[in-house]
Amino acid sequence: MAEWIHTVTARTPTNIAVIKYWGKRDESLILPVNDSISVTLDPQHLCTTTTVAVSPSFDQDRMWLNGKEISLSGGRYQNCLREIRARGEDFEDKEKGIKIAKQDWQKLRVHVASYNNFPTAAGLASSAAGLACLVFALAKLMNAKEDASQLSAIARQGSGSACRSLYGGFVKWIMGKEVNGSDSLAVQLADENHWDDLVIIIAVVSSRQKETSSTTGMRDTVETSILLQHRAREVVPKRIVKMEEAIRNRNFSLFAQLACADSNQFHAVCLDTCPPIFYMNDTSHRIISCIEKWNRFEESPQVAYTFDAGPNAVLIARNRKTAALLLQRLLYFFPPSADTDMGSYVLGDKSILKDAGVEGINDVQALPPPPEIKDNVPAQRNGGEVSYFICTRPGRGPLLLSDESLALLDHSTGLPK
Amino acid sequence: MAGWIHMVTARTPTNIAVIKYWGKRDESLILPVNDSISVTLDPEHLCTTTTVAVSPGFDQDRMWLNGKEISLSGGRYQNCLREIRARAEDFEDNERGIKIAKQDWQKLRVHIASYNNFPTAAGLASSAAGFACLVFALAKLMNAKEDPSQLSAIARQGSGSACRSLYGGFVKWIMGKEENGSDSLAVQLVDENHWDDLVIIIAVVSSRQKETSSTTGMRDTVETSMLLQHRAKEVVPKRIVKMEEAIQNHDFSSFAQLTCSDSNQFHAVCLDTCPPIFYMNDTSHRQIILLHPCCRIISCIEKWNRSEESPQVAYTFDAGPNAVLIARNRKTAALLLQRMLYFFPPSADTDMSSYVLGDKSILKDAGIQGVNDVEALPPPPEMKDKVPAQRNGGEVSYFICTRPGRGPLLLSEADGSLALLDHSTGLPK
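Each chain has its residues counted from 1, following the order in which its sequence is written. A letter from A marks each chain and a number from 1 marks each ligand, given out in the order of writing. It should be noted that, the model being predicted, local features are given only for residues of pLDDT at least 70 and side-chain atom pairs only at 80 or more, the latter also being counted only at that level, while totals for whole chains, interfaces and linings use all residues. Hydrogens and waters are ignored; side-chain quantities use all the structure's heavy atoms.

- Per an unreviewed UniProt entry, chain B goes by the name Diphosphomevalonate decarboxylase and belongs to Trapa natans.
- Its UniProt record gives chain B the following Sequence similarities (unreviewed entry) comment, quoted word for word: "Belongs to the diphosphomevalonate decarboxylase family."
- In its Subcellular location (unreviewed entry) section, UniProt records this for chain B: "Peroxisome". UniProt positions are given in the numbering used here, feature names are shortened, and annotations may be inferred rather than shown by experiment.

- Chain A goes by Diphosphomevalonate decarboxylase in an unreviewed UniProt entry, where it is assigned to Trapa natans.
- Annotation of chain A in UniProt includes, under Function (unreviewed entry), the sentence "Performs the first committed step in the biosynthesis of isoprene-containing compounds such as sterols and terpenoids."
- Its UniProt record gives chain A a comment under Subcellular location (unreviewed entry), which states: "Peroxisome".

If you want it as structure tokens, here you go:
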């Protein structure tokens with residue numbers, strides 16, 4: 001291929017809301033009915049990697065997701081492409097002889113290849129990470145000067161929760177008041193080092209159900225749930241204030257109480273929808289039950305739980321020691337199926353297994369019942385309810401990757417490697 | 001035993017709320033935070049039978065429930081006994097030489113034997129039927145002149161939902177405004193003949209003891225759920241008005257939409273509680289049920305309702321995993337039963353007549369005689385694209401087919417065989 005190809009590769013984290021976004025006041029601009037707050041997860045364990053490339057020889061915008069070509073014709077992708085193109089600036093790379101004028105971006109076509117290192121179907125907010133990465137990478141490619149908040153307002157138009165993945169640490173998506181959504185964007189409350197004691201364990205729960213899509217679900221909730229309006233107007237604003245305080249002061253008890261209550265209320269308004277939406281299943285309920293019992297047994301809450309639009313549990317422990325005790329409990333209640341190798345049952349930061357004193361399956365079987373269930377020990381414990389666990393922590397925001405070998409597009413063909 | 005024994009036996013139905021009661025504004029008087037509306041189920045299929053006996057030979061109040069002696073010392077029983085005793089009147093039976101003066105009732109002791117023909121604490125409102133029966137039977141025994149609404153205010157102090165079992169048909173429990181609860185009582189909206197097309201099928205998902213008692217659960221909800229107050233103040237009052245209208249006009253579409261919404265909202269506020277309450281759930285480790293039968297039942301009904309021009313079936317769940325499904329008419333009920341049996345076949349070796357109880361003739365309407373007919377059931381049309389790979393038995397314990405029914409009745413003394421206490425000893429038979 002004769003002409004030049006200019007590429008950029010970025011890596012973006014995913015995030016999990018602790019005060020939930022559920023419900024839009026504007027479907028096309030993706031403007032929410034309330035603020036939300038999230039914690040960004042360490043991209044070392046869960047991330048989207050995206051390579052974007054531009055070349056005069058490309059004749060159309062194309063995208064590959066996890067190796068498969070997908071269509072970019074949908075409104076959300078079109079929004080993001082249009083908004084970033086409008087903010088492209090002059091770019092020059094003398095070495096490679098590349099000179100792009102600001103207005104050229106409107107005519108130049110891009111190739112995008114994106115890869116999630118976690119299963120799309122696992123309900124781990126892959127669209128948040130994906131759209132955030134797309135916007136961030138394109139902005140770098142097109143030399144846009146927007147800061148992270150401004151980029152978040154664009155990512156928001158791809159996927160609401162994506163706007164919160166433009167920062168690390170704790171992030172707030174301000175709902176905004178403007179009808180055009182110009183003030184609906186993300187800000188960083190605290191970076192990933194502010195509260196680095198926290199350890200996060202995600203339980204990827206087995207589910208044969210195809211979930212109701214968030215877009216459809218939240219629209220049904222807005223249209224049919226009388227309780228949602230009350231939540232958005234009265235409950236969430238107060239919780240947002242308290243959550244910001246809890247994060248600022250590293251007040252784990254308050255953090256846990258708010259996170260659990262908001263997760264439950266989100267699922268409550270889903271149930272108050274016509275038709276009702278059930279994202280949590282019996283395994284999810286058992287996990288909640290286990291955490292609630294433990295929390296009430298101790299002087300103060302040890303673990304916060306939160307569930308998104310799916311059965312997976314995101315459990316946040318006060319510190320490493322508590323996380324190890326949490327993992328022991330989780331392995332006790334949700335042992336692996338027979339023949340499961342522990343190295344594929346606990347992913348991410350696997351060293352947590354050592355902290356928990358668990359090396360192999362035998363150690364799991366030898367786990368004693370936790371003290372808080374003394375009187376209520378189950379007769380048997382079946383495996384198979386949880387597919388696997390991921391151990392991670394709060395993490396940083398998007399980054400450019402300079403290592404060529406990490407690029408997902410071939411630098412001479414502009415096609416997926 | 002010296003001395004006479006005077007006894008009375010009554011039979012009372014249970015009821016299921018279609019606009020739910022959940023949350024009290026007064027714990028000791030049992031005054032609710034909102035009105036509720038219920039349908040009384042046919043006591044022929046589900047009922048409490050209670051025999052109450054009085055005799056100078058009894059030295060203490062005693063009660064037996066389903067054959068086991070229980071304590072009457074709790075506040076709820078004491079409330080009911082006290083309130084009825086205070087309203088007792090003179091009673092005379094010349095034939096047997098019994099003469100009781102009004103004030104004697106304070107000193108006379110009673111024996112009570114009660115029997116539910118359905119499992120207690122399985123979420124089938126046994127305390128409702130039980131307290132209603134107790135109050136009704138004692139009132140008859142003690143010759144009290146109170147009408148059903150007045151009796152309902154007493155039964156209410158035993159168990160909130162009991163007050164709605166003093167009438168047949170559709171009943172409303174008015175929350176009342178007075179602090180002393182004198183205006184918190186049940187009234188009949190319409191009797192059991194008003195809308196007799198309706199057929200009710202109950203899926204008993206688990207007859208085990210429920211994990212969170214209603215009393216504790218609703219108190220936690222009142223104390224911790226920010227959504228409950230909004231429900232009680234803003235949502236329910238409007239739904240009550242619309243539901244009364246739907247019942248008056250036999251408007252099944254509105255009835256179904258309101259019933260399903262209110263059931264879901266009740267469970268929503270349970271989830272919004274600290275700690276959260278899941279009634280449509282199974283926390284046993286018996287088997288891994290990835291999607292609970294309750295969710296599947298709701299899903300099945302919702303799909304079917306949406307595939308027809310108008311809703312066919314209303315669903316409602318109380319504080320337990322059992323589903324109460326209300327079909328527009330018999331024909332729809334037969335189609336409903338086919339769907340239920342399709343999704344929830346019996347375990348192998350189950351005899352159909354112990355899998356569908358109550359009005360078993362519905363099986364014939366559904367074209368089902370034996371387990372072979374169940375296996376031969378085709379998938380429902382609305383499921384065409386999503387036929388499940390396999391259908392496992394055992395998730396539903398059994399079904400009960402019933403209908404709206406009448407209120408409490410005295411069982412005639414002439415048929416002494418129905419009495420639960422021996423008429424010469426005053427002890428359980």
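Once the structure has been displayed, the description carries forward.
1. Some remarks on the environment of B:V241
And then number 1: Numbering of helices and strands runs from the N terminus, with a helix taken as a DSSP run of H or I at least four residues long and a strand as a DSSP run of E at least two residues long. Considering the arrangement of structural elements, one finds B:V241 in helix α5 (residues 226–248).
And then number 2: For B:V241 and B:D272, which are 31 residues apart along the polypeptide, the C-alpha to C-alpha distance reads 25 Å.

2. Quick word on the sheet that holds strand β5 (residues 36–40) of chain B
Where strands meet in a sheet, backbone hydrogen bonds hold them as pairs that are either parallel or antiparallel.
Residue and element names in this part refer to chain B.
And then number 1: A pair of strands is considered paired only if DSSP assigns at least 2 bridges between the two. The antiparallel open sheet is built from 4 strands, whose spatial order is β2-β5-β12-β13. Unpaired on one side and paired on the other, β2 (15–19) and β13 (186–190) mark the two borders of the sheet. Direction aside, the axes of adjacent strands within the sheet are offset by 35 degrees on average.
And then number 2: Looking at chain direction, β5 and strand β12 (residues 170–173) are connected through 4 bridges and run antiparallel. Simply put, an axis is a line fit to the C-alpha atoms, just over the touching stretch for a helix, and the angle between two N-to-C directions goes from 0 to 180 degrees.

3. Quick look at the sheet that holds strand β1 (residues 6–13) of chain A
Residue and element names in this part refer to chain A.
And then number 1: As summarised here, the arrangement of the 6 strands in space is β8-β7-β11-β6-β1-β19, forming an open sheet in which the pairing is mixed. Only two strands of the sheet have a single partner each, and these edge strands are β8 (68–70) and β19 (399–401). Sheet twist, expressed as the mean angle between neighbouring strand axes with direction ignored, is 25 degrees.
And then number 2: Examined bridge by bridge, β1 and β19 share 3 bridges and lie antiparallel to one another. For R11, the partnering residue across the bridge sits in β19 and is L399.

4. Description of the environment of B:Y167
Residues and elements named next belong to chain B.
And then number 1: Residue placement: Y167 occurs in the loop between α3 (148–155) and β12.
And then number 2: In sequence terms Y167 and N180 are 13 residues apart; their C-alpha atoms lie 23 Å from each other.
And then number 3: In this description, contact between two residues means that some pair of their heavy atoms is separated by no more than 4.5 Å. With residues near it in sequence (within four places) discarded, Y167 still touches T40, P148, S149, A186, V187, Q188, G407 and P408.

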